[in-house]
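Structural characterization, general
Spelled out from the first residue to the last, the chains are:
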Amino acid sequence: MPQSDLTFAVPKGRLLDDALPVMERAGVVPEPGFHDKANRALCFATAREDLRLIRVRAFDVATFVAHGAAQIGIVGSDVIEEFDYADLYAPVDLDIGHCHLAVAKQAEDTRDIDAQSHVRVATKYPNITRKHFERHGIQAECVKLNGAMELAPSLGLSRRIVDLVSTGTTLRENGLVETMRILDITARLIVNRAALKTDSRVAELVETFRREADARASQQVAA
């Protein structure tokens, strides 16, 4: 019987811009319309007849791959840590999309939460956030937001936020300061465990991406 097409899930947004050159060097070359950000299509052909791309939200990349709807994908390690899916395997650190997850507060807020047992936190990472504060003996009441996290302290929604930080510019422009670094983040190649065991094409793609990542690392050392 002929094998069904492979589905490769990629995230919308800035991480995709970093991932595209890596994908193309690994032989995952999207159809021309994929690069058009005005294109609202979600599914795209590639130069390989047996491989298609789906372009979805980062959290959904992990869900599609974990449940086998996609066999392989690229996502930040923050998403992997937040969901901790048993059927998800992250064999290759792509060394792109560098940022970190951090706790932040209003710059003028001098209150010490370390002396308290409870704090309200706005975040789209409730699992990581609860675990982080638990390690410090604090119960975190997480308010789930998918964006505009920086508004939460000034509007009285929460004392703290937990969000991705790259340059720190967005925090500064909204009167916030970082108080603690939780997790360093890079993009990872992820695969469905069952697909990796049963479809040799998935294993071949993993090895191709690993060789590409190793080659880039060697070039950086040489430079």
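Everything numeric here is computed off the predicted structure, so don't read it as measured data.

The rules behind these values
- Residues numbered from 1 in each chain as written.
- Predicted model: local features only at pLDDT ≥ 70, side-chain atom pairs only at ≥ 80, totals over all residues.
- Heavy atoms only, no water.
- Helix = DSSP H or I, 4+ residues; strand = E, 2+ residues; numbered from the N terminus.
- Buried < 20%, exposed > 50% of the residue type's maximum accessible area, 1.4 Å probe, protein only.
- Polar contact = N/O pair within 3.5 Å; in protein donor to acceptor, adjacent residues only side chain to side chain.
- Contact = heavy atoms within 4.5 Å.
- Pairing = 2+ DSSP bridges.
- Axes fitted to C-alpha atoms, helices over the stretch in contact; angles between N-to-C directions.
- Right-handed = clockwise from strand over helix to strand, strands pointing away.
- Salt bridge = Lys/Arg side-chain N within 4 Å of Asp/Glu carboxyl O.
- Parallel < 35°, antiparallel > 145°, perpendicular 65-115°, else oblique.
- Left-handed = near helix turned anticlockwise from the far one by under 90°.
- Nonpolar A, V, L, I, M, F, W, Y, C, P; charged D, E, K, R; others polar.

Here the focus is the side chain of Arg216. Along the chain, the position of Arg216 falls in helix α8 (residues 200-222). Owing to a relative accessible area of 12%, Arg216 belongs among the buried residues under this scheme. Within the structure, the side chain of Arg216 is placed 2.7 Å from the backbone oxygen of Leu94, a separation counted as a polar contact. Apart from the residues lying within four places of it in its own chain, the contact partners of Arg216 are Val22, Arg25, Leu94, Asp95 and Ile96.

Before going further, it helps to spend a moment on the pairing of strand β3 (residues 51-56). Burial of β3 is extensive: 5 of the 6 residues sit out of reach of the surface. With 6 bridges joining them, strand β1 (residues 6-11) and β3 adopt parallel strand pairing. When the sheet's bridge partners are listed, Val10 is paired in β3 with Arg55. Taken together, the 3 bridges between strand β2 (residues 43-45) and β3 define a ladder with antiparallel strand orientation. Residue pairing across strands places Cys43 opposite Ile54, the latter belonging to β3.

Let's shift gears to the sheet that holds strand β10 (residues 176-185). One open sheet holds the 5 strands; their spatial order is β8-β7-β9-β6-β10, and the pairing between them is mixed. Edge positions in the open sheet fall to β8 (139-144) and β10, since each of these has one partner strand only. For this sheet the average axis-to-axis angle between neighbouring strands, irrespective of direction, equals 30°. Where strand β6 (residues 99-106) meets strand β9 (residues 160-165), 5 bridges bridge the pair, whose relative direction is antiparallel. Across the sheet, residue Ala102 finds its bridge partner in β9, namely Asp163. Across the sheet, helix α4 (residues 126-135) touches β6, β7 (118-123), β8, β9 and β10, and the angle it forms with β8 is around 165°.

Looking now at the pairing of β8. The sheet contact formed by β7 and β8 spans 6 bridges and is parallel. The residue of β8 that forms the bridge with Val121 is Cys142. On the question of chirality, the crossover connecting β7 to the parallel β8 by way of α4 is right-handed.

A side chain with one charge can pair with a side chain of the opposite charge if their charged atoms come near. Summed over the entire model, instances satisfying the criterion amount to 12 salt bridges. Where Asp109 meets Arg159, a salt bridge forms, and the shortest distance between an N and an O atom there is 3.6 Å. Pair noted here: Asp109 is in the loop between β6 and β7 and Arg159 is in the loop between α5 (151-154) and β9, with a separation of 50 residues, a long-range link. On the basis of relative accessible area, Asp109 is assigned to the buried category, the value being 7%. Residue class for Arg159 comes out buried when judged on its relative accessible area of 17%. Here Asp199 and Arg201 are joined by a salt bridge, their closest N and O atoms 2.8 Å apart.

What follows covers the sheet that holds β1. The strand order across the open sheet built from 6 strands is β2-β3-β1-β4-β11-β5, with neighbouring strands paired in mixed fashion. Edge positions in the sheet fall to β2 and β5 (88-93), since each of these pairs with one other strand and no more. Averaged over all adjacent pairs, the angle separating strand axes in this sheet is 30°, with direction ignored.

Contact geometry of helix α1 (residues 14-25) with α8 gives a least axis separation of 9 Å together with a crossing angle of 115°. Judged by the angle between their axes, α1 and α8 are roughly perpendicular. Once α1 is placed against α8, the crossing between them reads as right-handed. Facing Val22, Met23 and Arg25 of α1, the residues of α8 in contact are Phe209, Glu212 and Arg216. Each residue belonging to the contact of α1 with α8 can be placed in one class, and the counts come to 3 nonpolar, no polar and 3 charged.

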